[in-house]
Each structure stands twice: as structure tokens, then as C-alpha cells.
Amino acid sequence: MTSKRSFINMLIEDLKRRIWPLTLSIIGFFFALPVLALIKAESHIDSLRLGYDNLASLQESYARYTLGGSNALVIMGLIIMAALNALHGMKYLHSRQEADFYGSIPVLRTTKFAAAYINGILIAIIPYIIMYIFAFVVGLSNGLLNAAGISYGIQTMLLETAGFLLIYSFIIIAAVLTGHTAVTVAAALVLLFVLWAYALLLDGYASLFFVTRYSRSIDYTLNLSPVTLLFKMLTTDSSSLYYPVSSAISAILCVLGTVALFFVSGALIKIRPAEAAGKAMAFDKTKAVIKIIIMVPAAMAFGAFFPSLSDSNSVYGWLVFGIVMGLILAHGSIEIIYDFDFKACIRHIPSAVIGAVITAAIVIYFVFDPLGYDTKLPDRSGIENAAVYLPGINGGSYYSEISYYEDISQSDMHLKNMVLTDLDDVYTLAEAGTEYAKKYRWHGTPAPETIAYEDTPHYIEMSVILRKKNGREFKRSYFIDRNNDANFSALNNIYDTDSYKKNTYEVFMSEDRLEKYDLTVQALSYESGRFSGTSSLSKAAIKALSDALSKETAALTLDYLKEEAPVGYISLNTKPAPGSKAPNIYSIPLGYVYPSFTETLSLLNQYGITTYENPKASEIDYIINVKYTDEEEDISERIDNRAEIERLLPELVSSDFASANYAMLDVDNQTNYEVHFKKPAGQDDEDIYGSSIQYFVKKLGD
Amino acid sequence: MIEATNVTKRFGDITAVDDVTLSIEEGKVFGLIGTNGAGKSTFLRMLSGVLTPDLGSIEIDDMQIFENPECKDNFFFISDEAFFFLNATPDEMERFYEKCYPSYDKARYEKLMESFGLDRRRKVSTFSKGMKKQLSIILGLSAMTKYIFCDETFDGLDPVMRQAVKSLFASDMAEREFTPIIASHNLRELEDICDTVGLLHKGGMLMSEDLDDIKGDVHKIQIVFPDGFDPAGVTDRLRILENEQRGSLHTYIVRGTERDIKGIFREGNPVFMESLPLSLEEIFITSTGVEGYDIKKIIY
């Protein structure tokens, strides 16, 4: 090949044909970066001058919302440019005239393709980088950019570029596989989102039909589409100006994926028939495969959609109807698109039958559970150890936010380090759970919350991990009857283990967390439902309190939890160490305080914190039993009688804590009581004397 | 030398080119003739490396064409609907081709543009169909390739331009190695330029012969016999392809040498006898027995 028609020459010639996308790119990123930067800078300088905000906060805001992943304009601009450049750059593949032109000149197809491919990247990324530099200059010249902000901006650029490359490469593949720009758009949407859609549908079907499915985060599905992955990579917690390591790994994978897709596209270009120009699909052999890939999730989506519209308990009729409709519509639509001919909708039935068989196999797997997902347990001899999580043992609204920072579910956070080696008790419970599943899986989705308030049986939720010797894990969520003696005995045994308690109650985890996140304790915070307060304490005082709480928590029994609710909740107000790269966590939970925790309560009182175990009749002015008829008519009763108040008080638990150990403590959530306290003479300040009204629910008797 | 051997190309259920074997010699104008849908464009697109044959092979100067820039340096393809970049001027197109073809002659481009009177800075999209064809031919000739493939290129050119292009082709053939291959459905268009013609029909090559050979073997004779003479006495001894009688004037198209044909006719003591020139269309119709391109009669 002579130098005349070298790759660079083709690059330049191709670029000449792409002036308008280049102009659009320049204008778009000009508004999304330097113009936005100027607007933000002006606003921030005003805020600073008027004293509305401090410089550090404004610098962070500038970095985050102008240079960072929170600048949605830039992200949208990159996605639009990826689509536009891929479609415009590859449109020569879709025109008969251009196919003849480029096919006959003495230039390799791969050279032309590579030039168009590279230009599509340069057209977006060069203006993007230049405009980013302008935005940096705006920030620096106005004093709104510090080293952390610059670093954050550069990280954002790298992540966004990596995400752009992958999205762009997917659309290029779609353009190479098709012969018509409109079909390319549809194909690109399929390629970009099909895995994500499959994952969501499979997850949805599992949730719909598997009774024992261990509920897990669907965040992983964000990795399955380049578009959602871009947004995920750019997600940071609101308190830090850096991205997690996972974002960097994702970005590297995006670049590797781009390189792989570039070579795959190049290989396809070599074998792509020129006569594909103008046709829907470039490769006839891909037609059936792509149709099936689309038909299956379409049918599954229709199958899930119709039952969701029906109030009937029987979902199966609508499920079948939806699947059949989905299969027919998907097959017909795709064949019409393939041939640009409505009459084509009844062609190629065998591939439609294959799609129907695959769909049926998937749906049968979920509906009939032939592999025993709900009903079988792994062979016990292959199990190394286990872990159990009961959300109703240490739950309630005072849950830890640590799981958010660790990007882990509440249950996984408690289960991950728990090691139960006595498998008898775990299997007793798991087998009870499978029995429940067998009983309920053909009666629609069970409603254990409702069942839980009945006397017998009393179902509670439990998550189990059986860790196999081969390193794999068996995770399920079961409903078990707490009132069954064997089950309760097994629960008791598990509850009494050291590992269970240390991985269930936050007080045992607090020291590790302080160390892990490099946090300094600023104060101790106590909530009692009526009173709340904070106190700055010495390290020694906090240690003493923590030790007392640990000791008394370790002494808790399930029998006790069946009788009492907590009366308070302790947490530590924390401050991140300066310069620390750990997430900025401002609170670490220590845990609930039960009435039996006399040593803990005593220490709290010594530290000047008002604790409040239970109301005394003498403090109470009156109680209102809040009641409504089915027609929403207020039929509440006021209780002034002192004897009645005294009789009632031992049966009440604060609604703030009634759900902490709801798996054990039975309360009537439908009956609420407003306890109105007397105000000390001449005193109106609620901050000192607590709330004048506290809300309670009634314990259920045995 | 272009060699196509048992070339077949199918588009789905349609066989566009069916088992075509063809040799195109250098230094001669080859005319590829056929009705619409005969497979001319498909054959030229395979010849240009745009399409690949499903079966058989095509070689130009013993080189495979597809994805072979070295081979493609040797030809320029003018498609039936030539492509020009959006909003491009002739000069912009020229600059592109200059980078593609190693022997590109810019000076020739400038000279031809001036000769044809085309505005080099006007957008090609504003050109008429004929002007676009002229521009394609100018660019093709400026590429200075050994072969030029023209798909219906003369369709749309006015007679003056057509003659000018033919002259340019003839001039290039005289001055350098140059072989035009011209596909057309219009026999008259190729009549005075082709040396060799190939007739494509329904994807198959019905015939491929040197025009001089065809013309030397078929003759058109107008003749008037004496009153009362029965021409069957002489025509039975001739290979008459076509016979038309208007009054006493007979017009015969006859296969054979002119000398032999006239010798036999003279035995009838004709009152008047004259040889008339045959058009290419007449040659095809008569030599293949086809009328108006309906060649079913020949095939079946």
C-alpha cells in the first residue's frame, strides 16, 4: 500500500465528511462544561461573598456538579455522541451507493472501517477533553478548584471516557450486524440492554415464584449494560470526592471490552457482504439467533405483565396468555422488520418454536421448580458451616447505615462473618422452611407478615447460608413456625452461640468499624422514644459503656425477647480522620438497650444522659386508645381512670422500639395508644422534659 | 486480462448471475449487454470487488479482486448510481480519489473538467444526471487505471458528450494500456464503440463474441428480383435469418460471407441488389433469433 492511501489519509478524508457531528460535539460540550462552569462559579462566588456557604463546601460542590459524575449534561452528551458518531460513521455500510463506492476503491475495508471507528471516538473525546480543560481553568481562576477537585475531575474524565468507548463500540457492532440505520437503532438498544433485561426478568421471576429466594441486591445488574455501568461507575457517596476501586476496575474492563469489540467488528467487516446495505440484517445466519434472544425476554416480560394487572389469585392463566402473546408479537414484529414486509410475520416458524421452547423451559423452571430450588437442601455431608440471620431479632428502624457504605445488604452484612458449625439446628430450621415452601408455593405468594400475628403457627423470616466445602454457598430465606417446639429449640441454640450474637448485635462490631473507617468518636447519642440526648465522653467512659452493653447484650435470651422490647438505642457520633479516604461516616450504632441492661442504664445516667425505661402512672395525664372503624370513623377512647392507666401501663411498649425484636415479641400493631404526660408546673420546654406525647402499642398476651 | 470462471451470485432465492464464464481481452472495448435484471450490474460489482461470487472466481491480471488494493489499483468502477460525498464539489471528490489511486493524474482532471465545461467548485448535488455521469467519467479517466468499468454510464449523456467520451476512450486506448468494460441495456449505445460484446440474460451469458466476427458473418441485403421470379430457388440455399418484403423489394438478413451470399443471389438475375449496414441490435436480434430482447425463444 502506498503512503497516499495510508490509514492517516483515510482518517483525514473520513473526518472531512464528519464536520457536523464534530460541530455538534464542540457546541454540546461547550455548554455542558465551560458555560455550566461559569454559571456555577458565579453562583458559588456570590454564595461565598454573602456568607451562605464556606469555600471548602463550594469547592466540593464545584468539583462534584461541574467536573464530576453529577454533571448529567456531560453524561447525556457522551451517550448521545456515542450513538450519533456510531450511526453516522457506519452509515456507509447501509447505503448501496456507498457500499459500491468504498468496495471498489483500492482501500482495504478494514482500513476504512478503522478510520471511521477512530474518528467517531476522536470527534467526541477531543472536544470533551478541551472543554473539560476550560472548565478546570474556570474553577482554578475563581479559586473553586483544589487538588481534590482536580483529581476528582480527572478521575471522572477517565471513567466517562471508558464508559463512552464501550457504549460506542456496542452501537458500532449493531451497525455492522445490520444493513439499515433504523434497524441499527433497534439492534443497539437490544445489545446495550438485553443482558440487563434478562437479569431483571430472571430476578423478577425468581421473586414471583420462588418462596425461599434469598433477597439480594440487584445492583449487579447495573454491570450488565454499558449504559447502566457508566452511571454505576460514576456513583460516589455524597461525602467523598473520589471513586471506589470498583469504578476503576469497571473502567479498565470497559477499555478491554472496547478493544475486543473493535477487533470483533473488524473481523465482521471482512466477511460482511456488501449486498447487506439496505437490508435489515447483514448476516442471514444471525437472524434466527437474534430473534430468539429477543423473543424469550419479550415473552417473559409479557408473561409477568398480565398477572400484575390481575387481582385474581390465579396468576397462571394470565402468565400463559402473556407468554403466548409475547412470543407471537415478538416473532411477528422481528420477521416484519427483517423483511420490511408485513406478510413476513408468518415466516420462519421453526425458529419461533425454538424461542417458545426456551421460554417454556425457563418459565417451567420457575413455576414448577423441577430442580427443587424451594424444596431441596444440599447434602449435609458437603457443608462446612452455616450462618443464620433473623431480621426480627435485632431490627427496627434504627438499622445501621454501614451496609450502605459497604455496598452490602443488611442481611449479608450480618451473615458474612457468622460461622455456625452445629448444623443440626440449622438443618432443623431449613427443613422447616422447605416444608413451608412446599405448602405455600401453589397458593400464590404467601403473606407471612399477616400470618405472624396469629397465635399458632407463628411464622418468622430467616435467612440461611449453607457454606459448602467446595466453596460455594447455598442461600435461602425461609419462613419457619416459631411456636413449633423443635424450631424454637433450634433457634434458641443458634441464638446462644457466640458467633450469632457477635454478628447480630452492633455493639460487638463497633470497634472494628471505628478502626476500619478511621473514625474518631465525638459524642454518644441516646434515644429513648421520649427523650434524646448526646454527651461528649472520654474514651474510657465510652469503653466502659461499650463493655457493659456487650456483656448485657450477650446475656440476652430469646425467652426474654419474647417479653420485652428495648427502651433505648445508643449510637456514637463520629468524625472521619482528616484526609482519610474512607467514607465519611458520622454515626456508628452500638445497639438497643433493654430494661434488663441495668449496668448500661446506670452508666448512661452517670454520664448525665436521661434514660427513660417505662412511663409511670403518676406522670401521665391521660391515655387515648386510638381506634377507627372500617369506615375511618374516629372512635378513639380517652382513658383518665388512674386504676385503668396503672393496669394498662405494663402492657404497653413504645412504638419506637416495638419492631426491634418483632420476631419474638408479639404486639398488636393495630391498636395504638397516645400517652399524654403531665407538664411540670410552669415548664413548657419539651427539650428538657421530653415529648408530651409518646406513642405505644400493646403487647399481645400468651 | 479479465477471467471469470463459472461465476454464480445469488441474492436469497434469486440467482443474479448464473455460471458465467467470460474472458475479456486487454486493449478492446467490451460491451456487456442485457435487459434490466439480466445481471450486468451484479457482474460488474463482482468485477469491482464490491461483491464476492458465491461460486466460481474472477481474476484481473491473475489477481484476486476482493480486499486486494493492489488489484484494485488497476481499475475504476463507475456505478450506475455513482456516489458523491454529501455537499462535495468535484475538486473535493478529486482530492479523495487522488489519495486512493497511485497513478492519479491531477493535471488531466483539470484539463478534462475544463474541456467538459464543468464547474469544479459547484456542489455535485446540484449537477444534472448527465453532468454527474460526466464527472464520474472524468474522475475515472484521471485515475489512469488500466481498466474502467462503466455501469449504464452512457445512459443520460447527450449524443455530443457520448461521442466525446468515446473519443477519450479511443484516445486512451491508443496511448496507453486501457480497457473499458461498459454495461448497458441499450444496444445502440454501444454500437460504435465496442469491439467485443457479451450478452447476459437472466444471469446467464448467452454469447460473447468479437463484433467484427459477428458483423463479418451476418449481412443485410436489399434485392429486387425480376417479375415472376420465385426467390425460393436461391434463398433455399442461403441461411436466411430474417426476410421482409415490401412490394418487389426484399430485405434479407443472411448468415455467411458477403461474397458467397451475393453470388447466390446473382443467380436470380436481380434487377437491384445492395448491401446495407447492420445495427448491433439487428445483429443480436437476427443472430440470436431474438426480437426486442425477448430471448425466451432461443433458450427454450
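Looking only at helices and strands, chain B features twelve helices and 14 strands. Its C-alpha atoms give chain B principal-axis dimensions of roughly 75 × 45 × 30 Å. Per-residue burial over chain B gives 40% buried out of 300 residues. For chain B, long-range pairs separated by at least 24 residues make up 70% of all intrachain contacts whose partners lie at least 6 apart in sequence.

Of regular secondary structure, chain A possesses 25 helices and twelve strands. Judged by the C-alpha coordinates and their principal axes, chain A covers about 100 × 65 × 55 Å. Residues counted as buried form 41% of the 702 residues belonging to chain A. The contacts of chain A with a sequence gap of at least 6 include a subset with a gap of at least 24, amounting to 77%.

Glancing now at the nonpolar core. In this structure, Ala 82, Ile 167, Phe 170 and Ile 171 of chain A together with Phe 149 of chain B are the most contacted members of the largest nonpolar core, which totals 181 residues. The element that contributes the greatest number of residues to this core is helix H7 (residues 147-177) of chain A, accounting for 16 residues. Here Ala 82 of chain A is in contact with Ala 124, Phe 164, Ile 167, Tyr 168 and Ile 171 of chain A, once residues within four sequence places are set aside. Core analysis: the next-biggest nonpolar cluster, separate from the first, contains 76 residues, Tyr 505, Leu 561, Tyr 662 and Val 697 of chain A among them.

On to the sheet that holds strand E5 (residues 63-64) of chain B, then. All names here are of chain B. As summarised here, the arrangement of the four strands in space is E2-E1-E4-E5, forming an open sheet in which the pairing is antiparallel. Of all strands in the sheet, those with a lone pairing partner are strand E2 (14-24) and E5, marking the two edges. Relative to strand E4 (residues 55-60), strand E1 (residues 2-11) is paired through five bridges, and the arrangement is antiparallel. Looking across to E4, one finds that Thr 5 is bridged to Ser 57.

Okay, the domain arrangement of chain A next. Under the domain assignment used here, chain A contains domain 1 (3-197 + 225-274), domain 2 (380-502), domain 3 (507-606) and domain 4 (617-699). Each of domain 1 of chain A and domain 4 of chain A was reduced to a C-alpha centroid, and the two centroids are 59 Å apart.

Note: strands within a sheet are paired through backbone hydrogen bonds, in either parallel or antiparallel orientation. Residues and elements named next belong to chain A. Within the open sheet, the five strands sit side by side as E9-E8-E11-E12-E10. Their pairing is antiparallel. Strand pairing shows two members of the sheet lacking a second neighbour, strand E9 (637-639) and strand E10 (652-654), which therefore form its edges. The sheet shows a mean angle of 35 degrees between the axes of neighbouring strands, direction not considered.

Once that is clear, we can look at the interface of chain B and chain A. Of the residues lining the interface, 20 residues belong to chain B; the matching set on chain A comes to 21 residues. By residue class, the composition of the side of chain B that touches chain A is eleven nonpolar, three polar and six charged.

Turning our eyes to something else, we now look at the environment of Asn 87 of chain B. Residue and element names in this part refer to chain B. By secondary structure assignment, the location of Asn 87 is in the loop between strand E6 (75-78) and helix H3 (90-100). On the neighbour-count criterion, Asn 87 (13 C-beta atoms within 10 Å) is partly exposed. Separated by 140 residues in sequence, Asn 87 and Asp 227 have C-alpha atoms that sit 71 Å apart. If near-sequence neighbours (up to four positions away) are discounted, Asn 87 is found in contact with Lys 123 and Ser 125.

On to the packing of H7 of chain A against helix H8 (residues 181-209) of chain A, then. All names here are of chain A. Put simply, H7 and H8 touch, their axes get as near as 8 Å, and they point 130 degrees apart. In terms of their interaxial angle, H7 and H8 are classed as oblique. When the axes of H7 and H8 are compared, the crossing they make is right-handed. Residues Ile 167, Phe 170, Ile 171, Ile 173, Ala 174, Ala 175 and Leu 177 of H7 form the contact with H8, whose participating residues are Thr 184, Ala 187, Ala 188, Leu 191 and Leu 192. Of the residues in the contact of H7 with H8, the class split is eleven nonpolar, one polar and no charged.

What follows deals with the domain arrangement of chain B. Under the domain assignment, chain B is made up of domain 1 (2-202) and domain 2 (214-299). The straight-line distance from the C-alpha centre of domain 1 of chain B to that of domain 2 of chain B is 36 Å.

Residue and element names in this part refer to chain B. Most of strand E7 (residues 147-151) is tucked away: five of the five residues are buried. For E6 and E7, the ladder comprises four bridges, and the chain directions are parallel. Among the inter-strand pairings, Phe 75 is bridged to a residue of E7, identified as Tyr 147. Both E7 and strand E8 (residues 179-184) contribute to a ladder of five bridges, which runs parallel. Following the sheet pairing, Tyr 147 is matched in E8 by Thr 179. Remark: the E7/helix H6 (residues 159-175)/E8 crossover connection has right-handed handedness.

Another point: helix H10 (residues 245-271) of chain A. All names here are of chain A. Here H10 is 27 residues long and its end C-alpha atoms lie 40 Å apart, about the 39 Å a rise of 1.5 Å per residue gives. When H10 is considered as a whole, its buried residues turn out to be Ser 247, Ser 250, Ala 251, Cys 254, Thr 258, Leu 261, Ser 265 and Ile 269. Where H10 is buried, its residues contact helix H6 (109-141), H7 and helix H9 (226-233).

All names here are of chain B. Averaged over every residue, the pLDDT of chain B is 87; residues scoring 70 or more account for 94%. Looking over chain B, one finds the lowest element-wise mean pLDDT in helix H12 (residues 296-299), namely 34, and the highest in E6, namely 96. Scored below 50 in pLDDT, residues 295-300 makes nine contacts in the model with residues more than four places away or belonging to other chains. For this predicted complex, the interface confidence comes out at an ipTM of 0.86, alongside a pTM of 0.82.

Residue and element names in this part refer to chain A. The geometry of helix H4 (residues 72-89) relative to H7 is characterised by a closest axis approach of 8 Å and an angle of 30 degrees between their N-to-C directions. In terms of axis orientation, H4 runs roughly parallel to H7. In the packing of H4 onto H7, the handedness of the crossing is right-handed. Of the residues in H7, those in contact with Val 74, Ile 75, Leu 78, Ile 79, Ala 82, Ala 83, Asn 85, Ala 86 and Leu 87 of H4 are Glu 160, Phe 164, Ile 167, Tyr 168, Ile 171, Ile 172 and Ala 175. A breakdown of the residues in the contact of H4 with H7 according to their chemical character gives 14 nonpolar, one polar and one charged.

Before going further, it helps to spend a moment on the confidence of the model for chain A. Residues with a pLDDT of 70 or more make up 93% of chain A, whose mean pLDDT is 88. Overall, residues 445-454 of chain A carries pLDDT values under 50, and its contacts beyond four positions in sequence, including any with other chains, amount to nine contacts.

The next point concerns the pairing of strand E10 (residues 204-210) of chain B. All names here are of chain B. As defined by bridge partners, strand E9 (residues 196-201) adjoins E10 across six bridges and the pair is classed as antiparallel. Within the sheet, the bridge partner assigned to Thr 196 lies in E10 and is Asp 210. Turn length for the E9-E10 hairpin, with the two strands adjacent in sequence and antiparallel, is two residues, and the turn residue Lys 202 shows positive phi of about 50 degrees.

Moving on: unusual backbone geometry. Its identity as a non-glycine residue notwithstanding, Glu 632 of chain A has a phi of 70 degrees, on the positive side. Turning to its location among the elements, Glu 632 of chain A is positioned in the loop between strand E8 (620-626) and E9.

What follows is about H9 of chain A. Residues and elements named next belong to chain A. Among the residues making up H9, those that are buried are Pro 226, Leu 229, Leu 230 and Met 233. All buried residues of H9 project into a common sector of 105 degrees when viewed along the axis, lining one side. As for H9, its buried residues are in contact with H4, H7, H8 and H10.

Okay, the environment of Ile 336 of chain A next. Residues and elements named next belong to chain A. Along the chain, Ile 336 falls in helix H12 (residues 316-339). Taking the C-alpha atoms as reference points, Ile 336 and Asp 496, 160 residues apart in sequence, are found 65 Å from one another. Not counting chain neighbours up to four residues away, the residues in contact with Ile 336 comprise Asp 341, Phe 342, Ala 344 and Cys 345.

About the criteria used
- Residues numbered from 1 in each chain as written.
- Chains lettered and ligands numbered in written order.
- Predicted model: local features only at pLDDT ≥ 70, side-chain atom pairs only at ≥ 80, totals over all residues.
- Helix = DSSP H or I, 4+ residues; strand = E, 2+ residues; numbered from the N terminus.
- Buried ≥ 20, exposed ≤ 12 C-beta atoms within 10 Å, placed from the backbone.
- Contact = placed C-beta atoms within 7 Å.
- Core = buried A, V, L, I, M, F, W, Y, C linked by C-beta atoms within 7 Å.
- Pairing = 2+ DSSP bridges.
- Domains from an automatic or database assignment.
- Axes fitted to C-alpha atoms, helices over the stretch in contact; angles between N-to-C directions.
- Nonpolar A, V, L, I, M, F, W, Y, C, P; charged D, E, K, R; others polar.
- Parallel < 35°, antiparallel > 145°, perpendicular 65-115°, else oblique.
- Left-handed = near helix turned anticlockwise from the far one by under 90°.
- Right-handed = clockwise from strand over helix to strand, strands pointing away.
- Expected span 1.5 Å × (residues − 1).
- pLDDT = per-residue confidence, 0-100.
- Arc of directions from axis to C-beta.

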